[in-house]
Amino acid sequence: AFVLTSSVAKPAARELSEEEDFELERQLKLMNKPSVKTIKTEYGEIYDCVDFYKQPAFDHARLKNHAFHPEMKPSNIMYIPEKVKNEENGRYDNKTNFESVTLIGIGCPRGTVPIRRTTKDDLIRQKRFNQVFDSNIHPQTKSEPGLHYAGGRVRWKWNTRNLAGGVARFSLYQTPFVNQLQFSSGLIKVSNGTDFIKAGWTVNPTLYGDDHCRFFSYLHTRDDHCFNTNCPGFVITNPDFPLDYGFLKVSKTYVDIVEARILIFRDPSDGSWWLCIGDKPITIGFWPSDIFTDLAYNADDVFWGGEIFTLPYTKSSPMGNGISAHYDDPKLYAYARSCSVVDADKEIIVPVVGGVHEVVSDIGWDYVRHNYLRFKDWGLIIMFGGPSKIFGK
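Reading the values: rules and limits
- Residues numbered from 1 in each chain as written.
- Predicted model: local features only at pLDDT ≥ 70, side-chain atom pairs only at ≥ 80, totals over all residues.
- Heavy atoms only, no water.
- pLDDT = per-residue confidence, 0-100.
- Contact = heavy atoms within 4.5 Å.
- Disulfide = S-S within 2.5 Å.
- Helix = DSSP H or I, 4+ residues; strand = E, 2+ residues; numbered from the N terminus.
- Buried < 20%, exposed > 50% of the residue type's maximum accessible area, 1.4 Å probe, protein only.
- Core = buried A, V, L, I, M, F, W, Y, C linked by side-chain atoms within 4.5 Å.
- Phe/Tyr/Trp six-rings, centres within 6.5 Å; stacked < 30°, edge-to-face > 60°.
- Lys NZ or Arg CZ within 6 Å of the ring centre and 35° of its normal.
- Pairing = 2+ DSSP bridges.
- Axes fitted to C-alpha atoms, helices over the stretch in contact; angles between N-to-C directions.

## Here's the deal with the confidence of the model for the protein chain
Across the protein chain, pLDDT averages 84, with 85% of residues at or above 70. Of the regions scoring below 50 in pLDDT, residues 1-13 engages in 38 contacts with residues more than four places distant in sequence or in other chains.

Here it is in structure tokens:
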């Protein structure tokens, strides 16, 4: 069974007017598509198995005349080269347990895709969050802080190769003390100009109504920006694994490290950007090239690291596992390791080496650390995290 855990208290909400309530009901009817099968988890969440052709992606104006189908696969799934795969299995001590995350499918019938049913409470939280999030993140300025980041990045101009995506292994953490109108994430961000896509793990009580560590994606184009499938654009192809999957296990600092390999890459056959998770890897779905302007071709920037969002001049949530990155020991922190880019011309995954990446942070250098020499079998490691803090002064 697909299992979710943990919940947080709901914020006090004012009573809705009759007009507001009617509008929410109208939106819910548009968002919650007719289902072939309904699956309820033991924690009360409902997933609707929606006909592939009726999923939210196809509400996008540019996808009305699509030729997509449920059995679609990328032309090249970007398997890890064997040399890198063997090196990644190395461990630098025997005191810590390392485990790759195992996904347990939700079990929708073939030809359908799992969509988490949106409730009225979800919609109220999301509406409030989106109003605050959009007003503070775009653009990011010193006078209107909200989204903060710490990690590492590669830009095409530093390389002799064109960028068609990125991949890394992330340690999963349930960031503590994340409140309403906040989130904490570990992610890959692939961008070009005004277009970017993100994917990774997140703790986001406003979006989900709990503080569980979940698999997420984020889309930003000139026309749309939203998490998961809250706006049209992302085409789900996998009938078993929803975008907002709740990870059954998370890391315990220095004792048990649970990792998820996240991959975003561009399929050269049609320009679609695919999202995959796991070692195999498992394809979740794709963003069609038609919805982009600047990402209609390759990327110019790939980022790995952490993000937090909070209201300006208020105490933030922690980042990562809440521990500042002071030492060269990844077991102490949230991290992205074996950071690699996808070579657009050769259609292969290439590990990032020293000299072609930079460490970036807008909240101080004690929130990020990198290493690619001490633990050679781990490739480039970006360690990120730190305690709660008031930003924006």
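## A few points about the state of the cysteines
The tally for this structure, following the rule as stated, stands at two disulfides. Between the sulfur atoms of cysteine 49 and its disulfide mate cysteine 108 the distance is 2.1 Å. What sets the handedness of the cysteine 49 and cysteine 108 disulfide is the S-S torsion sign, and at about -80 degrees it is left-handed. Highlighted residues: cysteine 49 in strand β2 (residues 46-51) and cysteine 108 in the loop between β3 (97-100) and β4 (112-116), separated in sequence by 59 residues. By relative accessible area, cysteine 49 is classed as buried at 0%. Of the residues examined, cysteine 108 reaches a relative accessible area of 3% and is grouped as buried. Residue pairing for cysteine 226: its cysteine sulfur links by disulfide to cysteine 231, the two sulfurs lying 2.0 Å apart. Its S-S torsion of approximately -80 degrees makes the covalent link between cysteine 226 and cysteine 231 left-handed.

## Here we look at the nonpolar core
If you look at the biggest cluster of nonpolar residues, it comprises 87 residues, and the most contacted ones within it are Trp201, Phe247, Trp287 and Trp304. With seven residues, strand β12 (residues 256-266) is the single largest residue contributor to this core. The residues contacting phenylalanine 247, other than those within four sequence positions of it, are Val101, Leu103, Leu172, Trp201, His212, Cys213, Arg214, Phe215 and Ile277. Membership of the second largest hydrophobic core comes to twelve residues, among which are Phe129, Leu147, Tyr218 and Phe309.

## Thoughts on the packing of aromatic side chains
Per the stated rule, a full pass over the model turns up 16 aromatic pairs. Their ring planes at 80 degrees and their centres at 5.1 Å tell us that phenylalanine 68 and phenylalanine 286 sit as a pair that is edge-to-face. Here phenylalanine 286 lies in strand β14 (residues 282-287) and phenylalanine 68 lies in the loop between β2 and α2 (82-88), a separation of 218 residues in the sequence. The interplanar angle of 65 degrees and the centroid separation of 5.8 Å between the aromatic rings of tyrosine 245 and phenylalanine 247 together place this pair among those described as edge-to-face. The class for tyrosine 245 is buried, based on a relative accessible area of 1%. Taken together, the ring pairs connect Phe52, Tyr53, Phe58, Phe68, Trp274 and Phe286 into an aromatic cluster. One residue, arginine 214, lies across the ring of tyrosine 208, its end atom 4.6 Å from the ring centre. Taking the ring centre of tryptophan 378 as reference, the NZ or CZ of arginine 337 above it sits at 4.2 Å.

## Digging into the environment of valine 235
Looking at where valine 235 falls in the secondary structure, it is placed in strand β11 (residues 235-236). Residues valine 235 and histidine 69, spaced 166 residues apart in sequence, show a C-alpha to C-alpha distance of 9.8 Å. Residues contacting valine 235, with those up to four places away along its chain left out, are Phe52, Gln55, Ala57, Phe58, Phe68, Ile284, Gly285, Phe286 and Pro288.

## As for the sheet that holds β4
If you trace the three strands from one edge of the open sheet to the other, you get β1-β2-β4, paired in antiparallel fashion. The sheet is open, and its two edges are formed by β1 (35-40) and β4, each paired on a single side. For this sheet, the mean inter-axis angle between neighbouring strands, taken without regard to orientation, is 25 degrees. In this structure, β2 lies alongside β4, joined through five bridges in antiparallel fashion.

## A word on the side chain of asparagine 298
Note on placement: asparagine 298 falls in the loop between β14 and β15 (301-309). Among all residues touching asparagine 298, those that are not within four sequence positions of it are Asn162, Leu163, Ala164, Asn192, Arg266, Trp273 and Ala344.

## Focus: the sheet that holds strand β5 (residues 147-155)
Taken together, the seven strands give an open sheet; going across it, the order is β10-β9-β8-β7-β15-β5-β18, and neighbouring strands pair in antiparallel fashion. Among the strands making up the open sheet, the edge pair consists of β10 (225-227) and β18 (358-361). Within the sheet, the average angular offset between the axes of one strand and its neighbour, ignoring direction, is 15 degrees. As paired strands, β5 and β18 are joined by four bridges and run antiparallel to one another. Following the sheet pairing, glycine 152 is matched in β18 by valine 359.

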